[in-house]
Amino acid sequence: MSNPVFIEAMRKSLELAAKASQQGDVPVGAVVLNPAGEIVGQGFNTREIDNDPMNHAEIVAMREAASAYGSWRLDDHTLVVTLEPCTMCAGAAVQARIGRIVFGAFDDKAGAVGSLWDVVRDRRLPHRPEVVSGVLADECGGILSEFFKAQR
């Protein structure tokens, strides 16, 4: 069984993912937890509405957390996201010195935290966050499946 704090944070991320879907974007949601387990950043995909390829849920959440924390260094913070981060988001998490990445559904097509690539555990990098995968994976995968089924 996963950590109850991670489950609660993932449920919040799923709520955020639903907002992305309502706006016509891929339903991915993310939150950043401070060391006390409190949400200090949150986001969902807004690439479509903002016409910004950088606006993945993880980036939006980390930007908000860094602003709230007053530093780009998010050491000891946890990124909780419904879908395995892509290369851009995995790289941004490493650059932000995120302490832990928790994700729900694996992404066999673009995942960079173990599926297609494993950016965050590359020994050549100076920082490697802890990874916890598969938290509420069925729910996280389900919202994505429903979204893409409706697109077809």
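Scoring rules and cut-offs
For every chain, the first residue of the written sequence is number 1, and numbering continues from 1 onward in sequence order. For a predicted model such as this one, the threshold for reporting local features is a pLDDT of at least 70, and the threshold for listing and counting side-chain atom pairs is 80 or more; totals across whole chains, interfaces and linings nevertheless cover every residue. Hydrogens and waters are ignored; side-chain quantities use all the structure's heavy atoms. UniProt positions are given in the numbering used here, feature names are shortened, and annotations may be inferred rather than shown by experiment. Strands here mean DSSP runs of E at least two residues long; helices mean DSSP runs of H or I at least four residues long; both are numbered from the N terminus. By disulfide we mean two sulfur atoms from cysteines, separated by a distance within 2.5 Å. For every residue, the accessible area obtained with a 1.4 Å probe (protein chains only) is divided by the maximum for its type, and the residue is called buried under 20%, exposed over 50%, and partly exposed between those limits.

- Under an unreviewed UniProt entry, the name given to the protein is tRNA(adenine(34)) deaminase, and the organism recorded is freshwater metagenome.
- Per its UniProt entry, the protein bears the Catalytic activity (unreviewed entry) comment "adenosine(34) in tRNA + H2O + H(+) = inosine(34) in tRNA + NH4(+)".
- Looking at the protein in UniProt, the text filed under Subunit (unreviewed entry) is "Homodimer."

## So, the UniProt feature "domain: CMP/dCMP-type deaminase" (unreviewed entry) in the protein
- Under the local residue numbering, the UniProt record ascribes the feature "domain: CMP/dCMP-type deaminase" (unreviewed entry) to residues 8–116.
- The straight-line gap between the two end C-alpha atoms of residues 8–116 is 27 Å; of that span, 38% is helix and 21% is strand.

## Let's talk about the state of the cysteines
- Under the counting rule described, the total for this entry stands at 0 disulfides.
- Free of any disulfide, Cys-86 has its nearest neighbouring cysteine sulfur in Cys-89, separated by 3.8 Å.
- Judged by its relative accessible area of 16%, Cys-86 falls in the buried class.
- With no disulfide of its own, Cys-140 lies 15 Å from the sulfur of Cys-89, the closest cysteine sulfur.

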